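For reference, the chains in residue letters:
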Amino acid sequence: SQQGEEDPQALSIQEGENATMNCSYKTSINNLQWYRQNSGRGLVHLILIRSNEREKHSGRLRVTLDTSKKSSSLLITASRAADTASYFCATDAGGGADGLTFGKGTHLIIQP
Amino acid sequence: DTAVSQTPKYLVTQMGNDKSIKCEQNLGHDTMYWYKQDSKKFLKIMFSYNNKELIINETVPNRFSPKSPDKAHLNLHINSLELGDSAVYFCASSGRLEQFFGPGTRLTVL
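These figures come from a predicted structure and were not determined experimentally.

## Concerning the confidence of the model for chain A
Point 1. Taken residue by residue, chain A gives an average pLDDT of 91. The fraction at 70 or more is 94%.
Point 2. Ranking the helices and strands of chain A by mean pLDDT puts strand β7 (residues 61-66) of chain A first, with 98, and strand β1 (residues 5-7) of chain A last, with 77.

So this is what it looks like as structure tokens:
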């Protein structure tokens, strides 16, 4: 069964603006990860947040995790045209060996 | 150097055929995976292998069989292909928690 649900499904913003994507999940997790997929390419890992963490930063990325609400958000600040891609949250219940459960993804378009 | 590679990139075949997709990782990772991404971009885990042992098999038809000749390779064999098998198949590997994905193989069954 599907674990993560991203919101919104699609987002179009102007270059320079901030983009926020949300993810909800249903079961207990070990960690939550965000991946980016450019059109026709494989997924690239962006950031991981463990279940005992509430916020994490990496460059222009900021991830929050609320385990009580089973939700996470990904904020991309000062967006660039190169950020145009699909973004997926993925939950890991087993610590790595069981594979990830992905959400449906948010398609982000950055208008130049 | 490519970390996770897959061949072929595109595969077009007729219903009923048997085909294989190869995957190799040069990261020294212990665990490898196969995912299927459907036309709506939904990704679902199919298999994972840890040190040549199958760990999970998520409600995948037994027409699909992973084969791992060694720790660096996890190939996917598909027998009696059906129209619904058309999708993009991704191989991935992990050493700890984050996963590294291959470029994908787009399978089209006619």
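The structure having been displayed, the exposition proceeds.
## Points about the side chain of H45 of chain A
Point 1. Position of H45 of chain A relative to the elements: it lies in strand β5 (residues 43-50).
Point 2. With relative accessibility at 19%, the residue H45 of chain A sits in the buried group.
Point 3. Those residues in contact with H45 of chain A that lie beyond four places of it in its chain are Q33, W34 and Y35 of chain A together with E98 and Q99 of chain B.

## Details of the nonpolar core
Grouped burial of nonpolar side chains is what soluble globular proteins tend to show.
Point 1. Ranked by internal contacts, the top residues of the largest apolar core, which has 21 residues, are L32, W34, L74, I76, Y87 and L108 of chain A.
Point 2. Going through the elements one at a time, β3 (19-24), β4 (31-37), β5, β7, β8 (71-76), β9 (85-92) and β11 (106-111) of chain A are the ones with two or more residues in this core.
Point 3. By size, the runner-up hydrophobic cluster in this structure holds 20 residues, among which are L11, V60, A87 and C91 of chain B.

## Brief notes about the sheet that holds β7 of chain A
Residues and elements named next belong to chain A.
Point 1. If you walk across this open sheet you meet the five strands as β1-β3-β8-β7-β6, and the pairing is antiparallel. Each edge of the open sheet is held by one strand with a lone partner, namely β1 and β6 (55-58). The sheet shows a mean angle of 15° between the axes of neighbouring strands, direction not considered.
Point 2. Here β1 pairs with β3 via three bridges, running antiparallel. Its bridge partner lying in β3, E6 is registered against C23.

## Concerning the side chain of S79 of chain A
Point 1. Note that S79 of chain A resides in the loop between β8 and β9.
Point 2. Apart from residues no more than four positions distant in its own chain, S79 of chain A is found in contact with I13, Q14, E15, G16, E17, R60 and I110 of chain A.

## Looking at unusual backbone geometry
All names here are of chain B.
Point 1. For the bond from T7 to P8, the omega torsion is 0°, close enough to zero to count as cis.
Point 2. Position of P8 relative to the elements: it lies in the loop between β1 (4-7) and β2 (10-13).
Point 3. Here K41, not a glycine, exhibits a phi torsion of approximately 75°, which is positive.
Point 4. Secondary-structure assignment places K41 in the loop between β4 (31-37) and β5 (43-50).
Point 5. For K41, a relative accessible area of 32% puts it in the partly exposed group.
Point 6. The phi torsion at S80 lies on the positive side, around 45°, for a residue other than glycine.

## Regarding the sheet that holds strand β7 (residues 64-70) of chain B
Residues and elements named next belong to chain B.
Point 1. Across the sheet, which stays open at both edges, the four strands sit in the order β1-β3-β8-β7 with antiparallel pairing between neighbours. With partners counted over all chains shown, the strands left at the sheet margins are β1 and β7, one partner each. For this sheet the average axis-to-axis angle between neighbouring strands, irrespective of direction, equals 20°.

Criteria and cut-off values
Position numbers for residues count from 1 along each chain, tracking the sequence in the order it is written. Chains and ligands are labelled sequentially in the order written, the chains with letters from A and the ligands with numbers from 1. In view of the model being predicted, local features appear only for residues whose pLDDT reaches at least 70, and side-chain atom pairs are presented and counted only at 80 or more, with totals across whole chains, interfaces and linings using the full set of residues. Computation of side-chain values covers all heavy atoms of the structure but excludes hydrogens and water. The score called pLDDT rates the predictor's confidence residue by residue, from a low of 0 to a high of 100. Put simply, DSSP H or I for four residues or longer makes a helix, DSSP E for two residues or longer makes a strand, and each gets a number counted from the N terminus. Working definition: with a 1.4 Å probe on protein chains only, accessible area under 20% of the residue-type maximum means buried, over 50% means exposed, and in between means partly exposed. The contact criterion used throughout is that any non-hydrogen atoms of two residues lie within 4.5 Å. In these notes, a set of buried Ala, Val, Leu, Ile, Met, Phe, Trp, Tyr and Cys residues joined through side-chain atoms within 4.5 Å is what counts as a nonpolar core. Two strands are counted as paired when DSSP detects at least two bridges linking them. For helices, the fitted axis covers only the stretch in contact; all axes are lines through C-alpha atoms, and the angles between them, taken along N-to-C directions, range from 0 to 180 degrees.

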